[in-house]
Number of protein chains: 2
Amino acid sequence: MDIKLQKSELQRFENLHRYSTGYINLNPIQRGGVLTPEAREALIEFADGYSIYDLSPGLEVDEIPLVKEFISEHLSKFLGADIAKFTLGAREGIFNIMHSITKPGDTIIVDGNRHYTTITAAERAKLRVVEVPNSGKPEYRINVEDYEDLIKNHKPAMILLTYPDGSYGNLPDAKKLGEIAKEYQVPYLVNGAYSVGRMPISMEAIGADFIIGSGHKSMASSGPIGVLGMNKKWEKIVLRKSKRYPQKEVEFLGCELRGTAIATLMAAFPTVVERVEKWADEVEKARYFSRELERLGLKQLGEKPHNHDLMFFEAPVLYEISKRHKKGRFFLYKELKKRGIVGIKPGLTKNFKLSTYGLKKQELKVVVDAFKDVIEKYKTS
Amino acid sequence: MDIKLQKSELQRFENLHRYSTGYINLNPIQRGGVLTPEAREALIEFADGYSIYDLSPGLEVDEIPLVKEFISEHLSKFLGADIAKFTLGAREGIFNIMHSITKPGDTIIVDGNRHYTTITAAERAKLRVVEVPNSGKPEYRINVEDYEDLIKNHKPAMILLTYPDGSYGNLPDAKKLGEIAKEYQVPYLVNGAYSVGRMPISMEAIGADFIIGSGHKSMASSGPIGVLGMNKKWEKIVLRKSKRYPQKEVEFLGCELRGTAIATLMAAFPTVVERVEKWADEVEKARYFSRELERLGLKQLGEKPHNHDLMFFEAPVLYEISKRHKKGRFFLYKELKKRGIVGIKPGLTKNFKLSTYGLKKQELKVVVDAFKDVIEKYKTS
């Protein structure tokens, strides 16, 4: 064998560390995925490769009574869906639906604030994508009534709404879009990667056909894992069975449930169910944070008053400083890090996004004070 | 919201445990996925959802220098491939290839010992599957020369070989099939879910176009994660980029690298590289075990002398006991468990598979003695 791999070269991979440990972390894709203590215990218990099988000796993962009960009784109820599934992640779940209910060449209509993976999933399924534009600066709102004309013109195979989007944290009127979808009888998918597990949301109440969630983004799970809820009328199409293996679902390649992530998602779930009920507190903290940063000369874009912990800020005052600072555009990252704060993308000063999810009011005060301190330290005038 | 989820009902999910802890575990899908100590540390460090981003602040996972180096320098060399990728698992990697290089209605040729997910992946990609039959009992060998006539008759879009298969642990002549593939210019995929990470294997030496491996099955990683190696001539097709996001790969939905599993696979890798060099010891242990069980009246099916730790046994002596034992067909599972051994599927006595991978000779002796003890205890005559 021609492997010329030197142990000495490889040793670095044995000792991997997170740079954010011990810091207040504002990274929007990380705030909702912090494990609960119970999830951490499950992670350690089910660390090894295929150890999830050890919940019930000899059974396939999708036959394990506890996993079956979790999915069919609790997860489905949580999503407000007739049927629930684990997926490999939110983007994979979106592809599962596109690949099952559309055919190549079909058109779908999506919101202009959609995640980039909505586009890659549609490309992979060979679909044409029409986007509903947002309202532009400063709020970038999606007016769901704008779907209507596009539905009439394009006869889409499916419509998709990102609820909320990952840039501005806007929450469009998903329920109204459910009424439109019903009127035109078009399948409707809600991408709840940043809502399922953070805030109360029900597919049934929205009137959607499908809902997608992300375990690692918003359900306190290690990744990759996602969840999917659907109306039972889609069961035979999305969960179509193999001709050769009548128990196995073709779209999910038999069984996607293999990892440690399943154990973490289930172990975190009781806490997640409780935390969504405290969503009003999260909104209150986000609004407090937005207000305080605006007092310092920053501007929160997206919906106002804001309804979600994901926020986008425009910061001309910081951009001005970056033009003069010896660290240039990296000054903000370095100054915040010195003050125990990370998660805003290094190099950004003019615009950046962050999340306040799950941080204590006291921690947010530390962040506000840090911004204040940095601005006062470097501001001229 | 209409969630009627009671904390009391959900508490069971907070306290999940493995039944196999402390036992000698012969489960074939678990032996190669036991984490190394370094992988366990990485698991704990990168437990939280999207924490893998914390290797390099502000970069996408596929931009992180250490991850890029790992994949392009070390993993590719390990696989004997021009290009390496992480995938979501072996089955997903097989689908990635099928979906990229074939079109609906195409025919592919696969070995009759293939995993069931080869079939579900082909069904998902809307392919027609022709199988090369094995030689039947007792060895169930795949004669790769049998591919040749089928290639001539069916003009397949791709051929696939499972190396080894997951039932008998047979290792067909993959290299000879590489020559046949070259002669007929048909793309050739090797499913190495049970070889990559256990034994020396090189895509280049085999002459394959693609090789697939499984992190959680054979690379001491937590799941789900897989690896893919390919010849660079396929780059533009398999790694085709999004029209809208020119850095993002359509088939992989942009970036599949999101989980804790990546950290475990990288941290385990230096040990995995070393362990494949000790493959001869594993074969020797498997042969010892096969020999000892045959002495007790069991019969090892599949190739003999055996070349892999995955083994399939026929056990008429145990089947006879099961017909008389008060625990019936579950007697073997219960008797072995009493003796500190698990991993043979509960309820099986007549035929079962197991793996000796990574077990110490002393542990295998304990297993052999347990079988001996059980047989002596219950055997009549």
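Here is what the cut-offs are and how they apply
- Residues numbered from 1 in each chain as written.
- Chains lettered and ligands numbered in written order.
- Predicted model: local features only at pLDDT ≥ 70, side-chain atom pairs only at ≥ 80, totals over all residues.
- Heavy atoms only, no water.
- Buried < 20%, exposed > 50% of the residue type's maximum accessible area, 1.4 Å probe, protein only.
- Helix = DSSP H or I, 4+ residues; strand = E, 2+ residues; numbered from the N terminus.
- Right-handed = clockwise from strand over helix to strand, strands pointing away.
- Pairing = 2+ DSSP bridges.
- Core = buried A, V, L, I, M, F, W, Y, C linked by side-chain atoms within 4.5 Å.
- Contact = heavy atoms within 4.5 Å.
- Buried area = accessible area lost by both parts, 1.4 Å probe.
- Salt bridge = Lys/Arg side-chain N within 4 Å of Asp/Glu carboxyl O.
- Polar contact = N/O pair within 3.5 Å; in protein donor to acceptor, adjacent residues only side chain to side chain.
- Phe/Tyr/Trp six-rings, centres within 6.5 Å; stacked < 30°, edge-to-face > 60°.
- Lys NZ or Arg CZ within 6 Å of the ring centre and 35° of its normal.
- Domains from an automatic or database assignment.
- Axes fitted to C-alpha atoms, helices over the stretch in contact; angles between N-to-C directions.
- Least-squares fit on C-alpha atoms with pLDDT ≥ 70 in both.

### Regarding the pairing of strand E3 (residues 107-111) of chain B
Residues and elements named next belong to chain B.
- Burial of E3 is extensive: five of the five residues sit out of reach of the surface.
- Side-chain alternation along E3 places Thr107, Ile109 and Asp111 on one buried face and Ile108 and Val110 on a second face that is also buried.
- Crossover connection from E3 via helix H5 (residues 116-124) to parallel strand E4 (residues 128-132): handedness right-handed.
- Where E3 and strand E5 (residues 158-162) come together, three bridges link them in parallel fashion. Looking across to E5, one finds that Ile108 is bridged to Met158.

### Looking at the nonpolar core
- Ranked by internal contacts, the top residues of the largest apolar core, which has 150 residues, are Phe86(A) and Phe86(B).
- The contact partners of Phe86(A), leaving out residues within four places of it in the chain, are Val67(A), Phe70(A), Ile71(A), Leu75(A), Ile225(A), Gly226(A), Val227(A), Glu256(A), Leu257(A), Ile262(A), Leu265(A) and Met266(A).
- The next biggest cluster of nonpolar side chains, apart from the first, holds 52 residues, and it includes Val110(A), Ile97(B), Val110(B) and Met158(B).

### Topic: the interface of chain B and chain A
- If you look at the interface, chain B gives 98 residues, while chain A gives 98 residues.
- When the buried area of chain B at its contact with chain A is split by residue, Phe13(B), Arg124(B) and Leu253(B) rank highest and sum to 9% of it.
- Here Asp54(B) ties to Arg18(A) by a salt bridge, and the two come within 3.0 Å at their closest N and O atoms.
- Counting across the interface, chain B meets chain A through 48 residue pairs in polar contact (both at pLDDT 80 or more).

### Focus: the packing of aromatic side chains
- Summed over all chains, the structure comprises 28 aromatic pairs over all chains.
- A ring pair is formed by Tyr50(A) and Tyr53(A), whose centres lie 5.1 Å apart and whose planes are at 70°; its orientation type is edge-to-face.
- Seen in terms of ring centroids, Phe352(A) and Phe371(A) are 6.1 Å apart; in terms of plane orientation they differ by 20°. Their pairing is stacked. Placement of Phe352(A) in strand E12 (residues 351-355) and of Phe371(A) in helix H15 (residues 361-378) is noted, with a sequence separation of 19 residues between them. When sorted by exposure, Phe352(A) lands in the same class as Phe371(A), which is buried.
- Following the ring pairs from residue to residue traces out a cluster consisting of Phe13(A), Phe70(B), Phe78(B), Phe86(B) and Phe269(B).
- The ring of Tyr357(A) is capped by Arg198(A), whose NZ or CZ atom sits 4.8 Å from the centre of that ring.

### Overview of the pattern of salt bridges
Residues and elements named next belong to chain A.
- Under the criterion given, the structure shown has 60 salt bridges over all chains.
- Between Lys248 and Glu60 there is a salt bridge whose closest N-O contact spans 3.6 Å. With Lys248 in the loop between helix H10 (235-238) and helix H11 (260-276) and Glu60 in the loop between helix H2 (37-45) and helix H3 (65-79), this pair connects stretches of sequence that are 188 residues apart.
- On the basis of relative accessible area, Glu60 is assigned to the partly exposed category, the value being 24%.

### Observations regarding the domain arrangement of chain A
All names here are of chain A.
- Partitioning chain A into domains gives domain 1 (8-34 + 278-378) and domain 2 (46-275).
- Once you take the C-alpha centre of each, domain 1 and domain 2 turn out to be 29 Å apart.
- Of the residues lining the interface, 24 residues belong to domain 1; the matching set on domain 2 comes to 27 residues.
- Of all residues in domain 1, Trp279, Glu303 and Leu310 give up the largest surface area on contact with domain 2, accounting jointly for 26% of the area buried on that side.

### Some points on the sheet that holds strand E3 (residues 107-111) of chain A
Residues and elements named next belong to chain A.
- Spatial ordering of the open sheet is given by E2-E8-E7-E6-E5-E3-E4, a layout of seven strands whose pairing is mixed. Strands at the two margins of the open sheet, each flanked by one partner only, are strand E2 (83-87) and strand E4 (128-132). Each strand axis lies, on average, 20° off the axis of its neighbour in the sheet, ignoring direction.
- Relative to strand E6 (residues 188-191), strand E5 (residues 158-162) is paired through four bridges, and the arrangement is parallel. If you follow Ile159 over to E6, its bridge partner there is Tyr188.

### Regarding the side chain of His74(A)
- In this fold, His74(A) is placed in helix H3.
- Residue contacts for His74(A): discarding those within four places in its chain leaves Glu69(A), Phe269(A), Leu5(B), Glu9(B), Leu10(B), Arg12(B) and Phe13(B).

### What to know about the relation of the copies chain B and chain A
- Note on the copies: chain B fits chain A at an RMSD of 0.0 Å, the axial shift is 0.0 Å, and the rotation between them is 180°. Both copies of the chain, as the preceding transformation shows, are related through a two-fold rotation axis.

### Considering unusual backbone geometry
All names here are of chain A.
- Backbone torsion omega between Lys304 and Pro305 reads -5°, so that peptide bond is classified as cis.
- Along the chain, the position of Pro305 falls in the loop between strand E9 (299-301) and strand E10 (310-314).
- Phi is positive for Gln185, close to 50°, though the residue is something other than glycine.
- Counting through the fold element by element, Gln185 comes out in the loop between helix H7 (174-184) and E6.
- One non-glycine residue, Leu253, lies in the positive phi region at around 55°.
- Tracing the backbone shows Leu253 in the loop between H10 and H11.

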